[in-house]
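Reading the structure
Below, each chain spelled out in residue letters.
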Amino acid sequence: MPLTLASLVQHSALKLSVRAGEGKLDTPVRWAHVSELADPVPYMEGGELLLITAMTLDAGDPEEMGRYVRRLAAAGVVGIGFAVGVNYDEIPQALVDAARAEDLPLLEVPRRTPFLAISKAVSAALAADQYRAVTAGFEAQRELTRAALSADGPADLLAKLAAHVHGWAALYDTSGSVVAAAPEWAARRAARLTADVERLRERPAPASAVVGGTEDRVELQSLGTGRRARGALAVGTGAPLGTAERYAVHSAVALLTLTTERSRSLHDAESRLGAAVLRMLLDGEPGHARAVAGDLYGGLLDAPFRLVIVESSAPEQISALTDAVESAAARAGEAVLVVPETARLVLLAADGGAAVGACANYAEALEALRGSEAGGAPGAAADDLVVGLSAPAGTAAAATAYKQADQAVAVARRRGRALVEHEDLADGSVLPLLADDAVRAFAEGTLRALREHDATGRGDLVASLQAWLSRHGQWDAAAADLGVHRHTLRYRMRRVEEILGRSLDDPDVRMELWLALKASPPVPAQ
């Protein structure tokens, strides 16, 4: 319990009596200070018990005492101790009236009680309170350490911390999602602070912030030792933390940081193991892959999975998506194999699971952001992250799934899409695949001679070729489409063969010309 004016009044050796401000004796005392200055306010910090004998004051002047007491109250002085029998035999009524007017506690100090005794009593009480706080802090540290090492780990630690601070506590993962809270109802309160946690995570660790509203006061602490926070701790209380509570919070931050960093080291080891499992799957050795995966990834290989390839020149984009996927998988209790490669990331995740869903949601949000920035300043959407998703597969078809994901990534980049599923490629038209610079260059080169001929006004060979091919070589139908005689169309097709030096009887030539026409912008007929 902190030292209060009531504690000093009840101190049997001091013999203090209360003359004013009886209703404020529970006010904490930070220090006892002796000053005979007419205006000691510039030397006050607030929370002091001011001890005086009125050596330089006209304590009998009501106007002067009114000004004096008002300034002390405004400065945060918690009380006045007036020594009687030194300059005044009793406390002047003017001072008593002024103290009562401001409801400022006024204590009468008897002649036989020196100010030094009061100062010693205050100092001893403050030291005892500090010792109790430190002792409680060490006890909290021991309890929190035992909780961190228990089977429940962070969840048990949060429960102990919430009890120590007489409030609530919550833990956030790298994506800003709540992963544990104590008591259980605190999860809803913590979820409303996601935006504040996101802002905290943008600052280099360690970082802290105080937020709150009408219901509580919340301290946010980042977790991690690197530049990027690995999580965050929220502690909600009804009042600012005391010394013992702050010891407990600092201990919790240290323990959770150690847990987080240890988890990161284990994660790195798991990532190396996952890379070996993936390599065995791609090399056609599912049996060896299962043996190496063991209990860590074994369940993931027993059901249909998806292979996901993520590419970006911005490492922070890949890192953010990784955090989102791993957090979603952890919350759902599902395994996910994450293998970082140069400028890309390979994921093996359960088909229809939370990890695949989080990946799709991230890409969808990114594509929406790109769309909203398209009308802004050039280069506003500077990221180039693309995601390719394979069809559902098993261990025997892992290599095929990898190729599918790789093809989907290539198509996503050509189309300017954030995510493409391989199944979409099989279900859709082949024409969107022609939207490639190399294909357009091929088309331009293939048709250049015909377009140059048409530009001279000597015939509409390109349009005639397109009509003839679209009618599968049927002369009458194609001629009708063009509005010319079939002999005219026959002449034009002979000219096409002469100019290109290729026979239209060859199906490969017809296919190449048709693709070139489809990959080219339409040209008005001459």
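Now for a description of the structure that goes with this document. Owing to the predicted nature of the structure, the values given are computational and were not obtained by experimental measurement. (Residues numbered from 1 in each chain as written. Predicted model: local features only at pLDDT ≥ 70, side-chain atom pairs only at ≥ 80, totals over all residues. Heavy atoms only, no water.)

**Quick look at the packing of helix H15 (residues 461-470) against helix H16 (residues 475-482)**
Geometry of a packed helix pair, given as the angle between the helix axes and the separation of the axes. In the contact formed by H15 and H16, the axes pass within 8 Å of each other and the chain directions differ by 135°. By the angle class used here, H15 and H16 are oblique. The two elements H15 and H16 cross, and the hand of that crossing is right-handed. From H15, Ala-463, Ser-464, Ala-467 and Trp-468 reach across to H16, where they touch Trp-475, Ala-478 and Leu-482. Its residues assigned to classes, the contact of H15 with H16 shows six nonpolar, one polar and no charged. (Axes fitted to C-alpha atoms, helices over the stretch in contact; angles between N-to-C directions. Helix = DSSP H or I, 4+ residues; strand = E, 2+ residues; numbered from the N terminus. Parallel < 35°, antiparallel > 145°, perpendicular 65-115°, else oblique. Left-handed = near helix turned anticlockwise from the far one by under 90°. Contact = heavy atoms within 4.5 Å. Nonpolar A, V, L, I, M, F, W, Y, C, P; charged D, E, K, R; others polar.)

**Section: the packing of H16 against helix H17 (residues 486-500)**
Across the interface, H16 lies against H17 with an axial gap of 9 Å and an inter-helix angle of 100°. One way to sum up the angle between H16 and H17 is to call them roughly perpendicular. Across the interface between the two elements, Trp-475, Asp-476, Ala-478, Ala-479 and Leu-482 from H16 touch Arg-486, Leu-489, Arg-490, Arg-492 and Met-493 from H17. Here the residues of the contact of H16 with H17 sort into six nonpolar, no polar and four charged.

**Brief notes about the sheet that holds strand E7 (residues 178-182)**
Spatially, E7-E6-E10-E9-E8 is the arrangement adopted by the five strands of the open sheet, whose pairing is antiparallel. Among the strands making up the open sheet, the edge pair consists of E7 and strand E8 (208-212). Direction aside, the axes of adjacent strands within the sheet are offset by 20° on average. Relative to strand E9 (residues 217-223), E8 is paired through five bridges, and the arrangement is antiparallel. Within E9, the residue paired with Gly-212 across the bridge is Arg-217. (Pairing = 2+ DSSP bridges.)

**A look at the pairing of E9**
Within E9, six of the seven residues are buried, which leaves the element mostly enclosed by the surrounding structure. Pairing of E9 with strand E10 (residues 231-237), which is carried by seven bridges, proceeds in the antiparallel orientation. Across the sheet, Val-218 pairs through a bridge with Gly-236, a residue of E10. (Buried < 20%, exposed > 50% of the residue type's maximum accessible area, 1.4 Å probe, protein only.)

**Digging into the environment of Val-356**
Along the polypeptide, Val-356 turns up in helix H11 (residues 354-373). The spatial distance from the C-alpha of Val-356 to the C-alpha of Thr-53 is 78 Å, given a sequence separation of 303 residues. Discounting chain neighbours no more than four positions away, the residues touching Val-356 are Arg-306, Ala-349, Ala-350 and Leu-389.

**Here we look at the nonpolar core**
Ranked by size, the top nonpolar core spans 27 residues in total, and within it Val-277, Leu-278, Leu-281, Leu-307, Leu-337, Val-346 and Leu-348 carry the most contacts. Looking at this core, the elements with two or more residues in it are helix H8 (243-282), helix H9 (286-301), strand E11 (305-311), strand E12 (336-341), strand E13 (344-350) and helix H12 (398-415). The leading source of residues in this core is H12, at eight residues. When neighbours within four sequence positions are excluded, Leu-281 is seen to be in contact with Pro-286, Ala-289, Leu-301, Leu-348, Thr-395, Ala-398 and Ala-399. Counting residues in hydrophobic clusters, the runner-up holds 24 residues, among them Leu-50, Leu-57, Leu-72 and Val-96. (Core = buried A, V, L, I, M, F, W, Y, C linked by side-chain atoms within 4.5 Å.)

**Remarks on the environment of Leu-258**
Here Leu-258 shows up in helix H8. Along the primary structure Leu-258 and Ala-148 are separated by 110 residues, whereas in three dimensions their C-alpha atoms are 9.8 Å apart.

**Structural notes on the environment of Ala-148**
Secondary-structure assignment places Ala-148 in helix H4 (residues 115-148). Residues Ala-148 and Lys-160 lie twelve residues apart in sequence; the distance between their C-alpha atoms is 9.9 Å. Discounting chain neighbours no more than four positions away, the residues touching Ala-148 are Gly-153, Leu-157 and Leu-255.

**Some thoughts on the side chain of Thr-4**
By the element assignment, Thr-4 lies in the segment before helix H1 (5-9). Here Ser-7 takes part through its side chain, which lies 3.1 Å from a polar atom of the side chain of Thr-4. The residues contacting Thr-4, other than those within four sequence positions of it, are Leu-25, Asp-26, Thr-27, Pro-28 and Val-29. (Polar contact = N/O pair within 3.5 Å; in protein donor to acceptor, adjacent residues only side chain to side chain.)

**Considerations on the side chain of Asp-173**
You can see Asp-173 is positioned in the loop between strand E6 (168-172) and E7. You can call Asp-173 buried: its relative accessible area is 12%. In this structure the side chain of Asp-173 is engaged in a polar contact, spanning 3.0 Å, whose partner is the side chain of Ser-327. For Asp-173, the contacting residues outside a window of four places in its chain are Val-179, Arg-201, Arg-230, Gly-231, Ser-327 and Arg-331.

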